[in-house]
2 protein chains.
Amino acid sequence: MKFDERHLIQLAAVVKTGGVTEGAALLGLAQPAVSRTLSMLEKRVGEPLFIKGRRPLQPTPLGLSLAEHGLVMLAASRKASDLVESFRVGKSGVVRIGGTPFFMDALITGLCAEFQASHPDVRIDQSYGYFPDLRAALKADQIDLAICPIDILDEGSGLEFQQILPGRNVVACRITHPLLLKRRPQPSHLLDYPWIAPPPGSPLLADLRALLLSFGATEIKIRFSGGSLMSVINYLKAADALTIMPHSVVFAQRKEKTITALPITIPHPERALAILKRIDAPRAPAVDQFAEFVRTGFQDLRHLIKRHEEAVIWGI
Amino acid sequence: MKFDERHLIQLAAVVKTGGVTEGAALLGLAQPAVSRTLSMLEKRVGEPLFIKGRRPLQPTPLGLSLAEHGLVMLAASRKASDLVESFRVGKSGVVRIGGTPFFMDALITGLCAEFQASHPDVRIDQSYGYFPDLRAALKADQIDLAICPIDILDEGSGLEFQQILPGRNVVACRITHPLLLKRRPQPSHLLDYPWIAPPPGSPLLADLRALLLSFGATEIKIRFSGGSLMSVINYLKAADALTIMPHSVVFAQRKEKTITALPITIPHPERALAILKRIDAPRAPAVDQFAEFVRTGFQDLRHLIKRHEEAVIWGI
DNA sequence: GCATCAGTATAACGGATCGTTATGAAATTC
DNA sequence: GAATTTCATAACGATCCGTTATACTGATGC
């Protein structure tokens, strides 16, 4: 005995509503269609599903049991419909994001939580990487979005990128660092303190080298390297060390009052923090929703960040 | 977005098996049918359900979620099919039985438990009544089976009845009753003890009257009446009272060693304990299964009951 | 890199059945 | 018992389903 699932759903609707007419209405069908289905079901099952001649239509125990299974299907069908609807408007689905570790930890993960306040059924899978890996991951459809600093002149060959922040770097230290006492710390002073090197592969590492070259320095004291953002911050908290960081990361930590930036301008490449998407492949609506959320989130922050930068670096 | 439930089931089958061909096979369909369904689904949903160009067919998150709902439906459909199968062979369903209180309590309820050892999914609804009520309940389709004593000449007008036991009555008392010490208690002795009257409406009550008439007695000491079987037995356990009971009820209590029957033959009508069914209306297979179980159950007991009767009443 | 192969998409077709409107029958309600 | 509601049946057009046959595409082998 194999059923057409729709028949069981119709049965369920009739049992639930207590009438053929109402059951049909519940499903948006005409009454004769449902009536015929019921007749057919009873014939096929070979057992009565309803007690005949009672107007508040009453199912037999078998009819009731079958209707329960029909209800399960009806519920599942409804859920499936809802799922598609919510997926279409970006209210459900999966967003796979990848980004550089510091940015993700400092700025993006918190945004994820905020995003899910309005999109609770969207799952976010986060992973880490630097630009080359991220680009490859995008093209291999392993992630939907990459959030990382890219050189502005870099061409994305099939990748769309939206700039969300200028990619300015600063020298970070703890707020009790002695260099902060000087009005105008000189680059040469930077060589007096131990340094934390950004993770290998990080653009920050290249930036650090450029920084050194701009001083004419050939060597600094690297005391620690390879840690995550939290590692670095905890190290900075405990020593008068220095490191190079995107300003926005320092900005994100401003409330903690543990680290800040030295009022020194350092060279920075023409780079911007951007969201990268594949331009060709179809993206789940939730992905676009999330990207838009991040973009506007940073837009709202932009002047705050700028003022913070001016205040910290320029002492305005 | 409304789905044809079968489409979601086909999707589920494909996701589950990892291939269109295998999914189709799982459902007993040809591959093109399922393939077309998937194309159609993707077009209707407007989002990809599978990652293109991967041979171990891999669903997108949306496809996977939809497939989960499809699996629910598939499971419900399978369960519904199983339900009908088990119903057809009497392995599931509801059996509504009605009967005289003493018989039900003493003999039938225990059989119900035994029956359900082999038919765990059959529910049994028991109710009490005497022949006129039971016949009415049968005809009104409130019960499926009635188990009660009926006069053999009674004609069941649309009711089929199967005799399961001779309807012999005995005088019951506790096993320490003084009358049991006499080899041949005389009817007149019965008047010396207090009596428990069977419930009003019970055929036993009529039998008790007939018994009195046969003694020429006009009055006995009725001390208690209206109780259930357990009431009566507990009363008997606590006093040297007497009552009239079907022998089979005493038989059923033999293991308890609390009550027995006096070795006195008393008049009994041409009556038998029988199972009554409506002959016209369709019965659920489980009903027939149960009726047959009861019938053969008593058939197996028949000679045991007969020997018990002879031993107790005739002292053989 | 090309050939082979398994699995998938597409096409065409016959038929089942679905949903509709129209109408009759049955039961409930007043 | 008449009116009304609800259910069953009939007829019909159209959709969609499942089938076979066939072309296509990605995987696998050397």
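Thresholds, definitions, all that
Residues numbered from 1 in each chain as written. Chains lettered and ligands numbered in written order. Predicted model: local features only at pLDDT ≥ 70, side-chain atom pairs only at ≥ 80, totals over all residues. Heavy atoms only, no water. Helix = DSSP H or I, 4+ residues; strand = E, 2+ residues; numbered from the N terminus. Polar contact = N/O pair within 3.5 Å; in protein donor to acceptor, adjacent residues only side chain to side chain. Contact = heavy atoms within 4.5 Å. 1 Å grid on protein atoms, 1.4 Å probe; cavity = no way out; pocket = protein on both sides within 12 Å on 5 of 7 lines; lining within 4 Å. Points joined across faces, edges and corners; volume = space filled by probe spheres on them. Nonpolar A, V, L, I, M, F, W, Y, C, P; charged D, E, K, R; others polar. Domains from an automatic or database assignment. Buried area = accessible area lost by both parts, 1.4 Å probe. Salt bridge = Lys/Arg side-chain N within 4 Å of Asp/Glu carboxyl O. Near = heavy atom within 4 Å. Axes fitted to C-alpha atoms, helices over the stretch in contact; angles between N-to-C directions. Parallel < 35°, antiparallel > 145°, perpendicular 65-115°, else oblique. Left-handed = near helix turned anticlockwise from the far one by under 90°. Phe/Tyr/Trp six-rings, centres within 6.5 Å; stacked < 30°, edge-to-face > 60°. Buried < 20%, exposed > 50% of the residue type's maximum accessible area, 1.4 Å probe, protein only. Core = buried A, V, L, I, M, F, W, Y, C linked by side-chain atoms within 4.5 Å. Least-squares fit on C-alpha atoms with pLDDT ≥ 70 in both.

Residues and elements named next belong to chain A. As for its placement among the helices and strands, R271 is situated in strand β12 (residues 271–278). Within the local environment of R271, its side chain forms a polar contact with the side chain of D207, the two groups lying 2.6 Å apart. Discounting chain neighbours no more than four positions away, the residues touching R271 are P149, I150, D151, I152, P166, G167, N169, P203 and D207.

What follows deals with empty space enclosed by the protein. To locate leftover empty space, one rolls a probe as large as a water molecule over the atoms. Counting across every chain of the model gives 5 cavities of 30 Å³ or more. In this structure, the largest cavity encloses a volume near 150 Å³. Along the wall of the largest cavity there are 16 residues; nearest its centre are F103, P149, P203, L204 and P246 of chain A. If you list the elements that add at least two residues to the lining of the largest cavity, you get α5 (101–118) and α8 (203–215) of chain A. Taken together, the residues of the lining of the largest cavity sort by class into 9 nonpolar, 4 polar and 3 charged. Domain assignment of the residues forming the lining of the largest cavity places at least three in each of domain 2 (92–165 + 273–313) and domain 3 (169–261) of chain A. Of the pockets and cavities examined, the second largest cavity occupies roughly 100 Å³. Lining the second largest cavity we find T100, P101, F102, F103, Y130, P149, P199, S202, P203, L204, P246 and R271 of chain B.

Let's shift gears to the domain arrangement of chain A. Residues and elements named next belong to chain A. Each assigned domain of chain A is listed with its residue range as follows: domain 1 (5–88), domain 2 (92–165 + 273–313) and domain 3 (169–261). Taken over C-alpha atoms, the centre of domain 2 sits 24 Å from the centre of domain 3. Between domain 2 and domain 3, the contact holds 15 residues from the first and 23 residues from the second. Roughly 1500 Å² of surface becomes buried between domain 2 and domain 3 when both sides are summed, with 79% attributable to carbon and sulfur atoms.

So, on to the interface of chain A and chain B. Contacts between chain A and chain B engage 33 residues on the former and 34 residues on the latter. Each partner contributes to the roughly 2900 Å² buried at the junction of chain A and chain B, and carbon and sulfur atoms together form 67% of this total. If you look at where chain A meets chain B, you find 2 salt bridges. The residue D4 of chain B makes a salt bridge to R6 of chain A at a minimum N-O spacing of 3.8 Å. Those elements that place two or more of their residues in the side of chain A that touches chain B are α1 (5–17), α3 (31–45) and α4 (61–88) of chain A. At 17 residues, α4 of chain A tops the list of elements feeding residues into the side of chain A that touches chain B. Taken together, the residues of the side of chain A that touches chain B break down into 19 nonpolar, 5 polar and 9 charged.

Among the 20 residues in the neighbourhood of DNA strand C, the closest are listed as A30, R36 and R55 of chain A together with T21 and Q31 of chain B. Counting only atoms of DNA strand C within 4 Å of the protein, the sugar-phosphate share comes to 53%. In the environment of DNA strand C, a phosphate oxygen lies 3.2 Å from a nitrogen or oxygen atom belonging to the side chain of H7 of chain A. A distance of 2.9 Å separates a base nitrogen of DNA strand C from a polar atom in the side chain of Q31 of chain B. Contributing elements (two or more residues each) for the surface near DNA strand C: α1 and α3 of chain A together with α2 (20–27) and α3 (31–45) of chain B. Tallied by class, residues from the surface near DNA strand C come to 6 nonpolar, 8 polar and 6 charged.

Turning our eyes to something else, we now look at the packing of α2 of chain B against α3 of chain B. Residue and element names in this part refer to chain B. With their axes 8 Å apart at the nearest point, α2 and α3 run at an angle of 110° to one another. When the axis of α2 is compared with that of α3, the two are roughly perpendicular. Seen along the crossing, α2 lies across α3 with a hand that is right-handed. Listed contacts from α3 to V20, T21 and A24 of α2 are Q31, V34, S35 and L38. The residue makeup of the contact of α2 with α3, split by class, is 4 nonpolar, 3 polar and no charged.

Below, the discussion takes up the protein's contact with DNA strand D. By nearness alone, 20 residues border DNA strand D, and T21 and Q31 of chain A together with H7, A30 and R36 of chain B come closest of all. Counting only the atoms of DNA strand D within 4 Å of the protein, the fraction contributed by sugar and phosphate is 53%. Here a base nitrogen of DNA strand D sits 2.8 Å away from a polar atom, N or O, in the side chain of Q31 of chain A. S35 of chain A is positioned with one of its side-chain polar atoms (N or O) 2.9 Å from a phosphate oxygen of DNA strand D.

Before going further, it helps to examine the packing of aromatic side chains. All names here are of chain B. Evaluated as defined, the whole model comprises 6 aromatic pairs over all chains. With centroids separated by 5.3 Å and ring planes inclined at 65°, the aromatic side chains of F115 and F293 adopt a geometry described as edge-to-face. One end of the pair, F115, is in helix α5 (residues 101–118); the other, F293, is in helix α11 (residues 285–313), and 178 residues separate them in sequence. The class of F115 is buried, set by a relative accessible area of 0%.

With that settled, consider the nonpolar core. Counting 175 residues, the largest nonpolar core has L66, I108 and F290 of chain A together with L66, I108, M245 and F290 of chain B as the members making the most contacts within it. Once residues within four sequence positions are removed from consideration, I108 of chain A is found in contact with I97, F103, I147, F290, V294 and F298 of chain A.

Another point: the relation of the copies chain A and chain B. Two copies of the chain are present, and they differ by a rotation about an axis and a shift along that axis. Superposing chain A onto chain B takes a rotation of 180° plus a shift of 0.1 Å along the axis, which leaves an RMSD of 0.1 Å. Look at the turn and shift together and you get a two-fold axis relating the two. Closest approach to the rotation axis among the C-alpha atoms of chain A is made by M73 of chain A, whose C-alpha sits 2.4 Å away. Interface residue correspondence from chain A to chain B reaches 100%, placing this contact among same-surface, isologous pairings.

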